[in-house]
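# Analysis of the macromolecular model
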Amino acid sequence: MNPTPEITPADECQIHPLSGAAARPGRLLSAPLAAEVSATLAAGPDGGAAVRAVDLRVPLLEKNDILAERNRGYFLGRGLVALNLVSSPGSGKTTLLERTLDEFGRQTKCAVVVGDLETDNDGLRLRRAHAPVAQITTGGTCHLDASMVARGVESLDLEGVKILFIENVGNLVCPASFDLGEQVRVVLLSCTEGEDKPLKYPPIFKSANLVLLTKVDIADALGFKRDVAVENIRRIAPTARLIQLSSRSGEGVAEWLDYLRSLNPQR
Amino acid sequence: MHELGIMESAVDAALREARAHQASRIHRMVLRIGTLSGVEPDSLRFAFDVVTEGTAAAGAQLEVESVPARAWCAACAQEFGVESGFIYVCPHCGRLSGEVRQGHEMELSRLEMS
Ligand SMILES: Nc1nc2c(ncn2[C@@H]2O[C@H](COP(=O)(O)OP(=O)(O)OP(=O)(O)O)[C@@H](O)[C@H]2O)c(=O)[nH]1
Ligand SMILES: [Mg+2]
Ligand SMILES: [Zn+2]
């Protein structure tokens, strides 16, 4: 008995490998989690038409969760760390990744999968000779899901890649509910958005492993109170790591790069 | 918003289990749903009717057991009940906790069939 759920990838979304495309796309995903689900269902043959009761503990997973577990197994198997970067539109995800690819990506091979509703602008901004990049256009979907990421990743040559950045669609709500199989969820909050966003959009901040407070170079000019923002982040995500940085001035960028190094000691 | 997917998963699992037991009818299903899971019991019940239609679980009774949320305070080394929302403050020492011990459950916990 092998209840493999039927999984059809979203048709709407399109994958555009912009650099470092895979020589030949292939099925790269690891064994399904579905086997684990079925393992909890121990079959017991017995007769009798009387009503029988069985106590179980079957976790209820949606298709996306199952695909996310496959991605996770695949990433682990390849020895690469995947980070899912989530924020509202314009918080500075692409800018930080550009700088990261330039300053860090030359020593440690990185790849990027970037999602937007439309355009490959971000993918083109991130294109580097030393980093495979794929743009996913979701065709209207306001978040990436695990099947889109699987397809984006399949389109890339991941030889030697140690860190995979997944730049999610700019949206502070829906990506919270879609596990992509990442090991680290990074939530960005930029100083232009106001100190209260963690309290107004708690699910995404609650799910963060790392919170980046971005654009701190302009905090003072905006009258943005960093300490208030930090306190609000702490209330929602007390155990998440927190780094304050500016991709423009470079403040805090070294701390971010150290964090990346700490994820992946066997460089 | 995910209730339909969760219920599809629950009914799939129940039908598989029934088949494994050579049962042809499901009479009752019990789900355990944590209060932090974000799943609405009412929406689940609605989804149940839709998903079971035309299956061996059609007309079955659905019970949704709610699992209260509990967090852990490392400083006090004890658990405490979480009322709701996203901020978990230990009632003994006032510290914030990020460690949920219970409340995210979503599982099929019991099946009655013949
Ligand atoms: N002052 C300042 N501006 C920044 C910083 N980082 C990014 N910006 C600016 O913020 C704007 C948006 O930056 P992006 O990197 O495109 O933001 P994004 O999160 O990728 O946006 P979407 O992909 O559309 O969600 C651009 O005009 C950047 O130049 C920073 O550290 N300081
Ligand atoms: Mg961007
Ligand atoms: Zn305490």
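So, here's what we can say about the structure. (Residues numbered from 1 in each chain as written. Chains lettered and ligands numbered in written order. Predicted model: local features only at pLDDT ≥ 70, side-chain atom pairs only at ≥ 80, totals over all residues. Heavy atoms only, no water.)

### Focus on the overall build of chain B
- Of the regular secondary structure elements, chain B holds two helices and six strands.
- What you see in chain B, going N to C, is helices and strands ordered as α-β-α-β-β-β-β-β.
- Here the C-alpha radius of gyration of chain B, 17 Å, is well above what a compact globule of 114 residues would show, namely 13 Å.
- Projected onto its principal axes, the C-alpha coordinates of chain B cover approximately 55 × 25 × 15 Å.
- For chain B, the residues scored as buried account for 46% of the 114 residues in total.
- In chain B, once contacts between residues fewer than 6 apart in sequence are set aside, the share between residues at least 24 apart is 69%.
- With an accessible surface of roughly 5,500 Å², chain B has 47% of that area assigned to carbon and sulfur atoms.
- Charge-centre separation for chain B: the mean point of 10 positive side chains lies 6 Å from the mean point of 16 negative side chains. (Helix = DSSP H or I, 4+ residues; strand = E, 2+ residues; numbered from the N terminus. Rg over C-alpha atoms; globule rule 2.2 N^0.38 Å. Buried < 20%, exposed > 50% of the residue type's maximum accessible area, 1.4 Å probe, protein only. Contact = heavy atoms within 4.5 Å. Areas by Shrake-Rupley, 256 points an atom, 1.4 Å probe, with all protein chains shown as cover. Lys, Arg positive; Asp, Glu negative; His and termini not counted. Charge placed at Lys NZ, Arg CZ, Asp CG, Glu CD.)

### Some words on the site of ligand 1
Residues and elements named next belong to chain A.
- In the vicinity of ligand 1, 18 residues are found, and the nearest of them are Lys93, Thr94, Thr95, Arg125 and Asp217.
- Measuring from an oxygen atom of ligand 1, one finds a side-chain N or O atom of Lys93 at 2.8 Å.
- Side-chain polar atom of Thr94 to an oxygen atom of ligand 1: 2.7 Å apart, as the coordinates give it.
- For the shell around ligand 1, the secondary structure elements donating two or more residues are helix 3 (93–103) and helix 4 (121–126). (Near = heavy atom within 4 Å. Polar contact = N/O pair within 3.5 Å; in protein donor to acceptor, adjacent residues only side chain to side chain.)

### Some points on the pattern of salt bridges
- One pass over the full model with this rule turns up 22 salt bridges over all chains.
- Between Arg32 of chain B and Glu65 of chain B there is a salt bridge, and its shortest N-O distance comes to 3.6 Å. Residue Arg32 of chain B is found in strand 1 (residues 26–34), and its partner Glu65 of chain B is found in strand 2 (residues 61–67); the two are separated by 33 residues along the sequence.
- Under the relative-accessibility criterion, Arg32 of chain B is labelled partly exposed at 22%.
- For Glu65 of chain B, a relative accessible area of 34% gives the class partly exposed.
- Among the ionic pairs, Arg110 of chain B bridges to Glu112 of chain B, the shortest N-O distance being 3.4 Å.
- Judged by relative accessible area, which is 17%, Glu112 of chain B ranks as buried.
- Each member of the salt-bridge network shares a partner with another, and the members are Asp55 of chain A together with Arg28, Glu63, Arg110 and Glu112 of chain B. (Salt bridge = Lys/Arg side-chain N within 4 Å of Asp/Glu carboxyl O.)

### Looking at the coordination of the zinc ion (ligand 3)
Residues and elements named next belong to chain B.
- Protein coordination at the zinc ion (ligand 3): the donors are Cys73 (SG), Cys76 (SG), Cys90 (SG) and Cys93 (SG), at 2.3 Å from the metal.
- Angles of 105 to 115° at the metal separate the four donor atoms of the zinc ion (ligand 3), which places the site in the tetrahedral class.
- In the primary sequence, the donor residues of the zinc ion (ligand 3) line up as C-x2-C-x13-C-x2-C. Residue Cys76 is located in the loop between strand 3 (70–73) and strand 4 (78–81), and its partner Cys93 is located in the loop between strand 4 and strand 5 (100–102); the two are separated by 17 residues in the primary sequence. (Donors = N, O, S within 2.8 Å, 3.2 Å for Na, K, Ca; no water. Tetrahedral: all angles 85-135°; square planar, octahedral: opposite > 155°, others 65-115°.)

### Looking at the side chain of Glu167 of chain A
- Residue position: Glu167 of chain A is located in strand 6 (residues 163–167).
- Setting aside residues up to four positions removed in sequence, Glu167 of chain A forms contacts with Leu85, Lys93, Thr94, Leu97, Val113, Val114, Gly115, Asp122, Leu126 and Leu144 of chain A.

### Comments concerning a nonpolar patch on the surface
All names here are of chain B.
- Among the surface-exposed residues, Leu4, Phe46 and Val50 lie close enough to one another that they form a single nonpolar patch of about 310 Å² accessible area.
- Topologically, Val50 is positioned in helix 2 (residues 41–52).
- When its relative accessible area of 46% is taken as the criterion, Val50 is described as partly exposed. (Patch = residues over 30% accessible without salt bridge, like charges linked within 9 Å, V, L, I, M, F, W, Y side chains within 5 Å.)

### Some details on the packing of helix 2 (residues 63–78) of chain A against helix 5 (residues 146–154) of chain A
All names here are of chain A.
- Taken N-terminus to C-terminus, the directions of helix 2 and helix 5 make an angle of 35°; their axes are 8 Å apart at the nearest point. Across from Asn64, Leu67, Ala68, Asn71, Tyr74 and Phe75 in helix 2, the residues of helix 5 making contact are Ala146, Ser147, Val149, Ala150 and Val153.
- In the contact of helix 2 with helix 5, the residues fall into eight nonpolar, three polar and no charged. (Axes fitted to C-alpha atoms, helices over the stretch in contact; angles between N-to-C directions. Nonpolar A, V, L, I, M, F, W, Y, C, P; charged D, E, K, R; others polar.)

This is a description of form; function is not addressed.
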